[in-house]
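# Structure at a glance
In case you want the letters, here they are:
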Amino acid sequence: MKIAVHLAISKPPFPELDATVQDGMSIVNHHGGKLVYLYPQSKFIKLPKIMCGIHRISEIKFLEKNIDIHHIFSNELYPYPFLRFLRKPIVYTLVTGLDGIKVRKRQSAILKKVAHFTVSSDYDKEIMRNLGYNNVSNLLPGIDISKFSFDPCEDTSKFILLSASAPWTIEQFHSKGIEFLLKLVTELKWLNIIFLWRG
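Residues numbered from 1 in each chain as written. Predicted model: local features only at pLDDT ≥ 70, side-chain atom pairs only at ≥ 80, totals over all residues. Heavy atoms only, no water.

Further remarks concern helix H4 (residues 122-130). Within the span of H4, buried status applies to Asp124, Ile127 and Met128. Relative to the axis of H4, the buried residues are bounded by an arc of 100° and lie together on one face. With respect to the buried face of H4, the exposed residues turned more than 90 degrees away are Asp122, Tyr123 and Asn130. Of the surrounding secondary structure, the elements contacted by the buried residues of H4 are strand E4 (90-94), strand E5 (116-119) and strand E6 (136-138). (Buried < 20%, exposed > 50% of the residue type's maximum accessible area, 1.4 Å probe, protein only. Helix = DSSP H or I, 4+ residues; strand = E, 2+ residues; numbered from the N terminus. Arc of directions from axis to C-beta. Contact = heavy atoms within 4.5 Å.)

This is the structure we're talking about:
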C-alpha cells in the first residue's frame, strides 16, 4: 500500500527537525509513496490558505495513479479545496488541538470526502464527534525509544530533568510551563534542567 503524505506547510529549512515531517517521512519510508509539501517554498509568495495545494494539483492527480491513500497532516481542521480533486481515500490527521473550532456547512461538504480522521486526544475526538464526525480515531503521540540510551545514575544527590517542549512565542513560556521550571530550578538546588529546543 503506497501513501501520498501531504503536509499543509512549506518545506522547512531543516525538515528532519520537524515532528510532523518526521511522521510523514516514517510513513513513506515504511509503506512507499511520496511526501508532498502543499505550500510553495518562497519568501516572496504567501498563498492564502484556500489555495493550499492548488498549485500542485496536476502533480497530485498524476501521483494518484501510483498510490492507494492520501494522508493529510494539518495543524487545523480546514477544508482545503484541493481535496475535491482527490479520488483515492483520504486520511486527515490533525496535529494540534481543536479548542474553539467552528466548521461551516460549506466547509463540512468538502470534509465529508475524508474517509478517516485522526486526533491526538480523547478530548479532540469528542469535539469531532460533536461536529458530526464519527470516523475519528485517537492516535496518541509516540516516541521511538530505540533511539535513546541511558546510563545508571551514580550521583543521586542531584536530579536532571530533560524538557523538550519548546516555546515558540513569549506567551508560551507561561503556557508550556517554562517560567515555572525556571523558578523551580532556583529553589531546588539539587535540580538541573536541560532544555532541548530546535534551532
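Anyway, onward from the coordinates.
Next up on the list: the pattern of salt bridges. Opposite charge on two side chains makes pairing possible when the charged atoms of those side chains draw close. By the definition in use, this model includes 4 salt bridges. Between glutamate 76 and lysine 49 there is a salt bridge; the shortest N-O distance is 2.7 Å. Here glutamate 76, found in the loop between strand E3 (69-74) and E4, pairs with lysine 49, found in the loop between strand E2 (33-37) and helix H2 (57-63); they are 27 residues apart in sequence, far enough to count as distant. Three or more residues are tied together by salt bridges with common partners; here these are Lys34, Arg56 and Glu59. (Salt bridge = Lys/Arg side-chain N within 4 Å of Asp/Glu carboxyl O.)

Read across the sheet, 6 strands follow the order E2-E1-E3-E4-E5-E6 without closing on themselves; strand pairing throughout is parallel. The open sheet is flanked by E2 and E6, the only strands paired with a single partner. Within the sheet, the average angular offset between the axes of one strand and its neighbour, ignoring direction, is 20°. Bridge count between E3 and E4: 5 bridges; the pairing is parallel. Considered in E4, the bridge of isoleucine 72 is made with tyrosine 92. (Pairing = 2+ DSSP bridges. Axes fitted to C-alpha atoms, helices over the stretch in contact; angles between N-to-C directions.)

Quick look at the packing of aromatic side chains now. In the structure shown here, the tally under the stated rule is 5 aromatic pairs. A ring pair is formed by tyrosine 80 and tyrosine 92, whose centres lie 6.5 Å apart and whose planes are at 20°; its orientation type is stacked. Here the residue tyrosine 80 occupies a position in the loop between E3 and E4, and tyrosine 92 occupies one in strand E4, the gap between them amounting to 12 residues. Of the two residues examined, tyrosine 80 and tyrosine 92, each falls in the buried class. (Phe/Tyr/Trp six-rings, centres within 6.5 Å; stacked < 30°, edge-to-face > 60°.)

Moving on, we get to a nonpolar patch on the surface. Taken together, the side chains of Ile160, Leu162, Ile194 and Leu196 present a nonpolar region at the surface, about 400 Å² in accessible area. Locating leucine 162 in the fold gives a position in strand E7 (residues 159-163). On the basis of relative accessible area, leucine 162 is assigned to the exposed category, the value being 52%. (Patch = residues over 30% accessible without salt bridge, like charges linked within 9 Å, V, L, I, M, F, W, Y side chains within 5 Å. Areas by Shrake-Rupley, 256 points an atom, 1.4 Å probe, with all protein chains shown as cover.)

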